[in-house]
Amino acid sequence: MVRRLRALSRTAAAVAATAAAAAILGVGHLVAAFVDPNASPFFVLGATVVDRTPKWLKDSAIRWFGTNDKLALAITMAVVMVGAAVLIGLLARRAPWLAAGVLGALGVAVAGLALLRPGAGPLFAVPALVGTAVGTAAFCLLVTAPAAHRRGDGPTRRGFLFAVAAVAAGAATAGAAGRFIGTRLRDIAADRAAFVLPRVAETAAPVLPEMDLGLPGLTRMVTPAADFYRIDTALQLPALTRARWRLRIHGMVRREIVLDFDALTARRAVESLITLTCVSNEVGGDLAGTAVWTGYRLADLLAEAEPEPGADMVLSRSVDGFTAGTPLDAILGNPDALLAVGMNGAPLPVAHGYPARLIVPGLYGYVSATKWVVDLELTRFDRARAYWTERGWAARAPIKTASRIDVPAAFATLAPGPVTVAGVAWAQGRGIAAVEVRVDDGPWQQATLAAAYSQDTWRQWTWSWDASPGTHTLRVRAIDGTGTVQTDTRTTPFPDGATGWHNRVVTVR
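All of these numbers come straight from a predicted model, not from anything done at the bench.

**Remarks on the overall build of the chain**
A count of helices and strands for the chain gives 10 helices and 22 strands. A principal-axis box enclosing the C-alpha atoms of the chain has dimensions of 90 × 65 × 40 Å. Of the contacts formed within the chain by residues at least 6 apart in sequence, a portion of 75% connects residues at least 24 apart. The chain carries 50 positive and 39 negative side-chain charges, and their two centres are separated by 14 Å.

**Some words on the packing of helix α2 (residues 41–52) against helix α4 (residues 69–92)**
Contact geometry of α2 with α4 gives a least axis separation of 11 Å together with a crossing angle of 110°. Classified by the angle their axes make, α2 and α4 are roughly perpendicular. Along this stretch, α2 crosses α4, giving a crossing that reads as right-handed. Contacts between α2 and α4 involve Phe-42, Leu-45, Gly-46, Val-49 and Val-50 from the first element and Leu-73, Ala-74, Met-77 and Met-81 from the second.

**Quick word on the side chain of His-502**
Here His-502 shows up in strand β22 (residues 502–508). Within the local environment of His-502, its side chain forms a polar contact with the backbone nitrogen of Ile-405, the two atoms lying 3.0 Å apart. Once residues lying within four places of it in the same chain are set aside, the contact partners of His-502 are Val-283, Gly-284, Ser-403, Arg-404, Ile-405, Leu-474, Arg-475, Val-476 and Arg-490.

**Some remarks on the domain arrangement of the chain**
One can read the domain layout of the chain as domain 1 (10–190), domain 2 (209–391) and domain 3 (402–508). One C-alpha centre belongs to domain 1, the other to domain 2; they are set 35 Å apart. Taken together, the 21 residues of domain 1 in the interface contact 22 residues of domain 2. Here domain 1 meets domain 2 over a buried area of about 1,900 Å², counting both sides, of which 64% is carbon and sulfur. Among the residues of domain 1 in contact with domain 2, Ile-62, Lys-70 and Ile-188 are the three that bury the most area, contributing 32% of the side total.

**Describing the nonpolar core**
Trp-293 and Leu-339 are the most contacted members of the largest nonpolar core, which has 83 residues in total. Residue contacts for Leu-339: discarding those within four places in its chain leaves Trp-245, Leu-247, Leu-264, Thr-294, Gly-295, Tyr-296, Leu-298, Leu-301, Ala-356, Arg-357, Leu-358 and Val-373. With 23 residues, the next largest nonpolar core counts Ala-17, Ala-99, Phe-139 and Leu-142 among its residues.

**Here we look at the packing of α4 against helix α5 (residues 96–115)**
The angle between the axes and the distance between the axes are what describe a pair of packed helices. Running from N to C, α4 and α5 cross one another at 155°; their axes reach a closest spacing of 7 Å. Put simply, α4 runs roughly antiparallel to α5. Residue-level inspection shows Ile-88, Leu-91 and Ala-92 of α4 in contact with α5, the latter providing Pro-96, Leu-98, Ala-99, Val-102, Leu-103 and Leu-106. Along the lines of polarity and charge, the residues of the contact of α4 with α5 split into 9 nonpolar, no polar and no charged.

**Section: the UniProt feature "domain: Oxidoreductase molybdopterin-binding" (unreviewed entry) in the chain**
The residues that UniProt annotates with the feature "domain: Oxidoreductase molybdopterin-binding" (unreviewed entry) are residues 236–383. Along residues 236–383 one finds 9% helix and 39% strand; the C-alpha atoms at either end are 30 Å apart.

**Details of helix α10 (residues 298–305)**
Taken residue by residue, α10 has Leu-298, Ala-299, Leu-301, Leu-302 and Ala-305 as its buried positions. Down the axis of α10, the buried set is contained in an arc of 160°. They therefore lie on one face. Among the residues trailing α10, Glu-306 stands out with phi positive, at a value near 60°.

**Things to note about the sheet that holds strand β18 (residues 445–446)**
Read from one edge to the other, the open sheet built from 5 strands follows the order β15-β22-β21-β17-β18, with strand pairing classed as mixed. The strands lining the two open edges of the sheet, one partner per strand, are β15 (413–414) and β18.

**Concerning the pairing of strand β20 (residues 459–467)**
Of all the 9 residues making up β20, 7 are buried; the element is thus mostly covered by neighbouring parts of the structure. Judged from the 9 bridges that link them, strand β16 (residues 417–426) and β20 form a sheet pairing that is antiparallel. Bridging from a neighbouring strand, Val-419 pairs with Trp-465 of β20. Relative to β20, strand β19 (residues 448–449) runs antiparallel, the two sharing 2 bridges. Following the sheet pairing, Leu-449 is matched in β20 by Trp-461.

**Quick look at a nonpolar patch on the surface**
On the surface, Trp-56, Leu-57, Trp-64 and Phe-65 cluster together to form a nonpolar patch covering roughly 480 Å² of accessible area. Take Leu-57: it is sitting in helix α3 (residues 55–65). Given the relative accessible area of 32%, Leu-57 is considered partly exposed.

**Overview of the layout of surface pockets**
By volume, the second largest pocket amounts to about 580 Å³. In terms of lining, the second largest pocket is formed by 33 residues, of which the most central are Arg-117, Pro-118, Val-319, Asp-320 and Gly-321. Sorting elements by how many residues they give to the lining of the second largest pocket places α2 first, with 5 residues. Residue composition of the lining of the second largest pocket, by class: 17 nonpolar, 6 polar and 10 charged. When residues of the lining of the second largest pocket are assigned to domains, at least three fall in each of domain 1 (10–190) and domain 2 (209–391).

Conventions and cut-offs
Residues numbered from 1 in each chain as written. Predicted model: local features only at pLDDT ≥ 70, side-chain atom pairs only at ≥ 80, totals over all residues. Heavy atoms only, no water. Helix = DSSP H or I, 4+ residues; strand = E, 2+ residues; numbered from the N terminus. Contact = heavy atoms within 4.5 Å. Lys, Arg positive; Asp, Glu negative; His and termini not counted. Charge placed at Lys NZ, Arg CZ, Asp CG, Glu CD. Axes fitted to C-alpha atoms, helices over the stretch in contact; angles between N-to-C directions. Parallel < 35°, antiparallel > 145°, perpendicular 65-115°, else oblique. Left-handed = near helix turned anticlockwise from the far one by under 90°. Polar contact = N/O pair within 3.5 Å; in protein donor to acceptor, adjacent residues only side chain to side chain. Domains from an automatic or database assignment. Buried area = accessible area lost by both parts, 1.4 Å probe. Core = buried A, V, L, I, M, F, W, Y, C linked by side-chain atoms within 4.5 Å. Buried < 20%, exposed > 50% of the residue type's maximum accessible area, 1.4 Å probe, protein only. Nonpolar A, V, L, I, M, F, W, Y, C, P; charged D, E, K, R; others polar. UniProt positions renumbered as here; feature names shortened; annotations may be inferred. Arc of directions from axis to C-beta. Pairing = 2+ DSSP bridges. Patch = residues over 30% accessible without salt bridge, like charges linked within 9 Å, V, L, I, M, F, W, Y side chains within 5 Å. Areas by Shrake-Rupley, 256 points an atom, 1.4 Å probe, with all protein chains shown as cover. Salt bridge = Lys/Arg side-chain N within 4 Å of Asp/Glu carboxyl O. 1 Å grid on protein atoms, 1.4 Å probe; cavity = no way out; pocket = protein on both sides within 12 Å on 5 of 7 lines; lining within 4 Å. Points joined across faces, edges and corners; volume = space filled by probe spheres on them.

See below:
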């Protein structure tokens, strides 16, 4: 005998609203595949959250989750959305039409947020509006009308479950179809696979054995692309193909320039080995990496546009709207400042800016390393502010002298006797002149430096310690090429980079 469902239970109401919300997102994602992937309701919400999250919470997320911060955000958003849907479902038990109105209003609000995204056109609202219409209709069907065959005066439980399953399956199918179609329409993987790096006129000098000591646990000189840190504001990776890419150089210039990818790659390409550092890197953190970058000298590109006197900033813009303000004097005359198209001998990974990104050594990434770059505006610091400077971070951000202990591992248990202590130090633009290590409160001891590659890369160091039994604290500090000693004052990354000595506690027995 089929059990009748005369009134929605709390669980049924919550499930109905959750399925309807999934329909809004799934259908919206499908429609966005034909409009613009960034117009997907889920990614509109995610990007809005990223832009409006308080600074302290962003810093905490990076500290807690590191390069998994995007995954953590997506999971958090999903939990919040389910919670909101449950509340709407509970409201539907008493006022179904009011609940439907709330769900629809939220969808319309997302459409409004879509129109506020950088580079958005009128069509950006369409995915959210279509998804809202479908999801709200499904919600009304589930909570106010029979879901299947009627028996008596209410929908059957079996029919209701069938209808919920149908809505959920439709939402999942629409979302998957949107992902598939979006990939087909903007096949970034195929575009990248077909790209052959240009012939390089100036190759990077090789990394010699005396520069990369190869000790187990010690950071290698060159970071594989798969291990390179990723910190940015993009919840969804931009799908920008070479055919669609354009670079506009404008603003305080005598000659505005617009380059397509063919015009760019017809120029003289060079290679540079450069260490990048994220301003969010805590003392001893791993948000730094070194790679061989292939690209085109930014100074040459800007010279073609003929910057006007008085310009002191290059405001770079990503295809997703992110901006960074780079001091013009950090680019002019700097042969290692690049518009990069390759990383470690391969096209840029999509996560690291394919098809083109900025690389300006000596500055933290938030003012120098714009990924998916499509616009360079010559301007002034007193006229324009970039994404992070609008949020209180320093406008000019030279990388601070830093050092790190890689081995032994934190809280390691060691045998008495000779122990190798090793790590890396960096001070891009100034180089590393010396590294010192001390045990507990003992005197500073000179470490042995590996050979230097350049002032713009990190440098390995080692120190031999005759370890005695007990619990000990190892500390490290660096002296840069100007003779400045790394400060022991501990500061947080905000507003212009963390400072302090890195330490490791170990036990010898």
